[in-house]
Amino acid sequence: FFFCAMSEARSSQPRDADGDASKDIFALATKAVNAKKQTVDEDRSILFLGAKNSGKSSLILRFLDRPLDGVKPTTALEYTFGRKARGNDLNKDIVHIWELGGGSSLTALLATPITPATVKNLSVIIVVDLSDPKAIFHTADALVKAAKQRVNRVVSDLKARDSKVPGHLRKKAEARYTDDCPDKELLDLLLVPSVIVGCKYDLFQNLESEDRKIVCKALRFLAHISGSSLVFVSEADDGLLNRLRAILSHFAFKSPASSRSIATDHNKPLYVPAGSDSLGQIGVPPVPNNMSALSSRSPLDLWKAAYQAHFSIADDPAQAQAAPPDPSLEVQFAEPAIDAVRAQKEEELERYRRQAERKARDLAARSRQQLGSSDDVDQPADTKEIAPSTTSSSKQGRDREGSGKGQRSGSGRTRKLPTAPH
């Protein structure tokens, strides 16, 4: 009865020239629901990358207002989330927070947090340890490159589906720079918002002035060409932490972005928003005395060579990075049932490996034996082919010699022939 009455009410409502009911309760309700849906954003995600003991977990806990007691090293890829009330609305905004440990050794796991469903509302935070200057630039470069590769692969998949997300990401990334930016041709942008965070600034201040200058310029260059912001923080300075907190809140909940001015002095904590720097302001890298860096093909390679020469780095720390410890060996992750099955499988694997090695050795020995025996068999065959002619020639010579002496050879014996009568 209710639906019938509402249908009659709808049919009796006055309509405009286009036939729309200006006071239709169903139309008004549908319009209100659609407007509410448009105001609800999709969940946002923040991905933290960085080397071991760089300060990723501490930054996450501080951002979520959680206690720092008992902070443990990140094992592979970890997940948490944060929520924030949306004004007077009962709904809450949710941010998904991913943390990848192990530096650049576990970047294959980026396929989990960076997907076609999350890339549109994803932000990347790359954390470096300012107290370890030899590994700063190479670690940051490796992580930026890994994030770019994964994002570009996802964007390529979306392009194949005729999605509008790739164009949206590209437009937003290029909007960080002005139209008259002279460095656009040299940029290799990370298409999602990103920040390079230098932790432990209080320890960084103890370095020599020239070392701090090289580190600051190198990180400014890397952040500029990849479209990232650059921020230095210290756990001993609440002001620097609040600056980073504002950036994370902007990424997670669309809070107002910080309006702080750019700070590029290497004697002070850096704060360089994306697109506010330039290669002219950064300057050229210091050329080492051996001039080997001049053979570099790109500005990035030139900075790598100059940085490596300045800090006397023999090998690339990103490639020589030691493998992370096996978490299964730690007591806190012990699982008796699983550990017993794993030990059994490892024994079976070791047994199989020994059997495979033994079979390989036996096969190699048989192959060498067969090759040796084939050589021994082939040689007598050649001798038999040559022997008759040799034996025949010897026999003819002995026959001639025997005829002069009254003897001849035959059948392997020598017998005396009768003499002719005189």
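Look a little higher up for the structure.
In this report, we go over the structure that sits alongside the text. Not measured: the values here are computed from a predicted model.

Here we look at the overall build of the protein chain
- Counting its secondary structure elements, the protein chain contains 11 helices and nine strands.
- Burial analysis of the protein chain (422 residues in total) assigns 33% to the buried set.

Description of the sheet that holds strand β2 (residues 77-85)
- Pairing is mixed in the open sheet, where seven strands are placed in the order β2-β3-β1-β4-β5-β6-β7. A single partner strand is all that each edge strand has here, and the edge strands are β2 and β7 (271-272).
- Across four bridges, the pairing between strand β5 (residues 194-199) and strand β6 (residues 229-232) is parallel. Residue pairing for β6: Val-195 is matched across the bridge by Ser-229.
- Strands β1 (44-50), β2, β3 (92-100), β4 (122-129) and β5 of the sheet are contacted by helix α3 (residues 56-63), whose axis makes an angle of about 170° with β3.
- Sitting on the sheet, helix α4 (residues 133-160) is in contact with β1, β4 and β5, with an inclination near 165° to β4.

Describing the packing of aromatic side chains
- Inspection of every chain in the model, using the stated rule, returns eight aromatic pairs.
- Residues Tyr-201 and Phe-232 carry aromatic rings whose centres are separated by 6.1 Å and whose planes lie at 35° to one another, so their mutual orientation is tilted. Linking Tyr-201 in helix α6 (residues 201-204) with Phe-232 in strand β6, this pair joins segments that are 31 residues apart in sequence. Grouping residues by exposure puts Tyr-201 and Phe-232 together as buried.
- Ring centres 4.8 Å apart and planes at 45° place the aromatic pair Tyr-307 and Phe-311 in the tilted group. In this structure, Tyr-307 and Phe-311 share a single accessibility class: buried.
- Among the aromatic residues, those joined into a ring-pair cluster are Phe-137, Tyr-307 and Phe-311.

With respect to the pairing of β4
- With respect to burial, β4 is a largely interior element, eight of its eight residues being buried.
- Of the two faces of β4, the one carrying Leu-122, Val-124, Ile-126 and Val-128 and the one carrying Ser-123, Ile-125, Val-127 and Asp-129 are both buried.
- Where β1 meets β4, six bridges bridge the pair, whose relative direction is parallel. Within the sheet, the bridge partner assigned to Leu-47 lies in β4 and is Val-124.
- Where β4 meets β5, six bridges bridge the pair, whose relative direction is parallel. Across the sheet, the residue bridging to Val-127 is Val-197, located in β5.

Digging into the nonpolar core
- Membership of the largest hydrophobic core comes to 80 residues, with the highest contact counts inside it found for Phe-48, Leu-49, Leu-59, Ile-125, Phe-232, Val-233 and Tyr-307.
- No other element matches α4, which puts 11 residues into this core.
- Those residues in contact with Leu-59 that sit more than four places away from it in its chain are Phe-48, Val-127, Val-197, Cys-199, Val-233, Leu-241 and Leu-244.

Observations concerning the pattern of salt bridges
- Counted by the stated rule, this structure contains 11 salt bridges.
- A salt bridge links Lys-148 to Asp-188; its shortest N-O distance comes to 3.5 Å. Of this pair, Lys-148 sits in helix α4 while Asp-188 sits in the loop between α5 (165-174) and β5, and the two are 40 residues apart along the sequence.
- With a shortest N-O distance of 3.0 Å, Arg-342 and Glu-346 are connected by a salt bridge. You can see Arg-342 and its partner Glu-346 sitting in helix α11 (residues 336-405), four residues apart, about one turn around the helix.
- Residue classification places Arg-342 among the partly exposed positions, given a relative accessible area of 38%.
- Look at the salt bridges and you will find they share partners, linking Glu-350, Arg-353, Arg-354 and Glu-357 into a network.

A closer look at the pairing of β1
- Of all seven residues making up β1, seven are buried, and the element is well covered by its neighbours.
- Neither face of β1 is left uncovered, since the one carrying Arg-44, Ile-46, Phe-48 and Gly-50 and the one carrying Ser-45, Leu-47 and Leu-49 both have all their residues buried.
- Sheet topology note: the β1/β3 ladder contains six bridges and is parallel. Bridged to Arg-44 within β3 is Val-95.

Focus on unusual backbone geometry
- The phi dihedral of Asp-65 is positive, around 55°, even though this residue is not glycine.
- Inspection of the secondary structure puts Asp-65 in the loop between α3 and β2.

Focus: the environment of Thr-112
- Topologically, Thr-112 is positioned in the loop between β3 and β4.
- Ignoring anything within four residues of it in the chain, the contact list for Thr-112 reads Leu-77 and Trp-98.

Concerning the packing of α4 against helix α7 (residues 209-226)
- Interhelical geometry of α4 versus α7 gives an angle of 5° and a closest axis separation of 10 Å. By the criterion of interaxial angle, the relationship of α4 to α7 is roughly parallel. Contacts between α4 and α7 involve Pro-133, Ile-136, Phe-137, Ala-140, Asp-141, Val-144 and Lys-148 from the former and Val-215, Ala-218, Leu-219, Leu-222 and Ser-226 from the latter.
- Broken down by class, the residue content of the contact of α4 with α7 amounts to nine nonpolar, one polar and two charged.

Re the packing of α4 against α5
- Across the interface, α4 lies against α5 with an axial gap of 8 Å and an inter-helix angle of 135°. In terms of orientation, α4 lies oblique with respect to α5. Across from Val-155, Leu-158 and Lys-159 in α4, the residues of α5 making contact are Val-165, Pro-166 and Leu-169.
- Its residues assigned to classes, the contact of α4 with α5 shows five nonpolar, no polar and one charged.

Some thoughts on the side chain of Ser-45
- Tracing the backbone through its elements, the reader meets Ser-45 in strand β1.
- Judged by relative accessible area, which is 4%, Ser-45 ranks as buried.
- Setting aside its immediate chain neighbours within four residues, Ser-45 contacts His-96, Thr-118, Asn-121, Leu-122 and Ser-123.

About the thresholds
Residues numbered from 1 in each chain as written. Predicted model: local features only at pLDDT ≥ 70, side-chain atom pairs only at ≥ 80, totals over all residues. Heavy atoms only, no water. Helix = DSSP H or I, 4+ residues; strand = E, 2+ residues; numbered from the N terminus. Buried < 20%, exposed > 50% of the residue type's maximum accessible area, 1.4 Å probe, protein only. Pairing = 2+ DSSP bridges. Contact = heavy atoms within 4.5 Å. Axes fitted to C-alpha atoms, helices over the stretch in contact; angles between N-to-C directions. Phe/Tyr/Trp six-rings, centres within 6.5 Å; stacked < 30°, edge-to-face > 60°. Core = buried A, V, L, I, M, F, W, Y, C linked by side-chain atoms within 4.5 Å. Salt bridge = Lys/Arg side-chain N within 4 Å of Asp/Glu carboxyl O. Parallel < 35°, antiparallel > 145°, perpendicular 65-115°, else oblique. Nonpolar A, V, L, I, M, F, W, Y, C, P; charged D, E, K, R; others polar.

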